[in-house]
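Fold and geometry: a report
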Amino acid sequence: MEPGNNTQISGFLLLGFSEKPELQLLIFGLFLTMYLITVCGNLLIILAVSSDSLLHTPMYFFLCNLSFVDICFTSTTIPKMLWNIQTQSKVITYEGCITQIYFLILFAVLDIFLLTVMAYDRFVAICHPLHYTVIMNHRLCGLMILVSWIMCILNSLLQSLTALRLSFCANLEIPHFFCELNQMVQLACSDTFLNNVVMYFAAILLGGGPFAGILYSYSKIVSCIRGISSAQGKYKAFSTCVSHLSVVSLFYCTVLGVYLSSAATHSSHSSAIASVMYTVVTPMLNPFIYSLRNKDIKKALKSFFVKETTKLSQH
């Protein structure tokens, strides 16, 4: 293969976690289980919100979008990995790799944007309760989701287009279970300065910016809660934020853990294992975090299944 001619690239090899044959069945079963739990759990959240008119509020509207994005996020990587294990193949086509990078970045950044929008929603609900319905109207909620999608699509498109300009030599092995942009850039023979600039700029702007927004929202929320005189009022106000705060902490801590572990060990294998936390585990745990503490969602699901059971019994 000639350096600088990426038209001859047929694909990459995804090395995954282990090459030991005896571990493949265990890895397949573990990831299939986590994937099914993620899809079913997030679908139940969407079902609960869409079936109960009492849950047609901004908070649950954003939660519905987060659940949909989490399903798409895990569906970008896990099915391909499961297929490769099943067929005993490690190959992903060049086009498939670029496509996976595009959607992975899209849904990862969308997760961040939605968590930021949800933080703003909690800020308005606690700090401006009397004006909540006026501020968080349907038009604004729809506009925030639309702007989030547009910005994420443009960012993902830019990242993918810069990846397309790369040329590769002999080494086409990606030490991951999915096509990760940074790993792909490291394999390139051509100049990667532009790719690194775009990656780091996007990370600071689209990762650090929303995180600063979340911190600002919660600093205002804490200030408002401290101003509430009754202990019961403080508890009630804080309890509306617990689920969201848990998801934010889980997402950002796992992402931070991936990059810190990668920087500390300089091991791609360690980075692959650590990345499972934010690509698989976090989307799987989100429905549990939101539903276990949420009486409204549990009530909506119970009501839905009772209605469906009644309909079936009548037939």
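Residues numbered from 1 in each chain as written. Predicted model: local features only at pLDDT ≥ 70, side-chain atom pairs only at ≥ 80, totals over all residues. Heavy atoms only, no water.

Named according to an unreviewed UniProt entry, the chain is Olfactory receptor originating from Equus przewalskii. The UniProt entry for the chain carries the following text under Function (unreviewed entry): "Putative odorant or sperm cell receptor." Taken from UniProt, the Sequence similarities (unreviewed entry) comment for the chain reads in full: "Belongs to the G-protein coupled receptor 1 family." (UniProt positions renumbered as here; feature names shortened; annotations may be inferred.)

Okay, the packing of aromatic side chains next. Applying the stated criterion across every chain, the model contains twelve aromatic pairs. What links up through ring pairs into an aromatic cluster is the set Tyr102, Phe103, Phe107 and Trp149. (Phe/Tyr/Trp six-rings, centres within 6.5 Å; stacked < 30°, edge-to-face > 60°.)

Let us look at the sheet that holds strand S1 (residues 11–14). Pairing within the open sheet is mixed, and its three strands lie in the order S2-S1-S3. The open sheet has two edge strands, strand S2 (91–93) and strand S3 (173–174), and neither has a second partner. Against the sheet, helix H4 (residues 94–127) makes contact with S1, S2 and S3, and its axis sits at roughly 80 degrees relative to S2, the strand it touches most. (Pairing = 2+ DSSP bridges. Helix = DSSP H or I, 4+ residues; strand = E, 2+ residues; numbered from the N terminus. Contact = heavy atoms within 4.5 Å. Axes fitted to C-alpha atoms, helices over the stretch in contact; angles between N-to-C directions.)

Now for the environment of Thr192. Relative to the assigned elements, Thr192 resides in the loop between helix H7 (181–187) and helix H8 (193–226). On the basis of relative accessibility, which here comes to 18%, the residue Thr192 falls in the buried class. Taking the C-alpha atoms as reference, Thr192 lies 9.1 Å from Thr162; in sequence the two are 30 residues apart. Ignoring any residue separated from it by four or fewer positions in sequence, one finds Thr192 in contact with Leu166 and Val185. (Buried < 20%, exposed > 50% of the residue type's maximum accessible area, 1.4 Å probe, protein only.)

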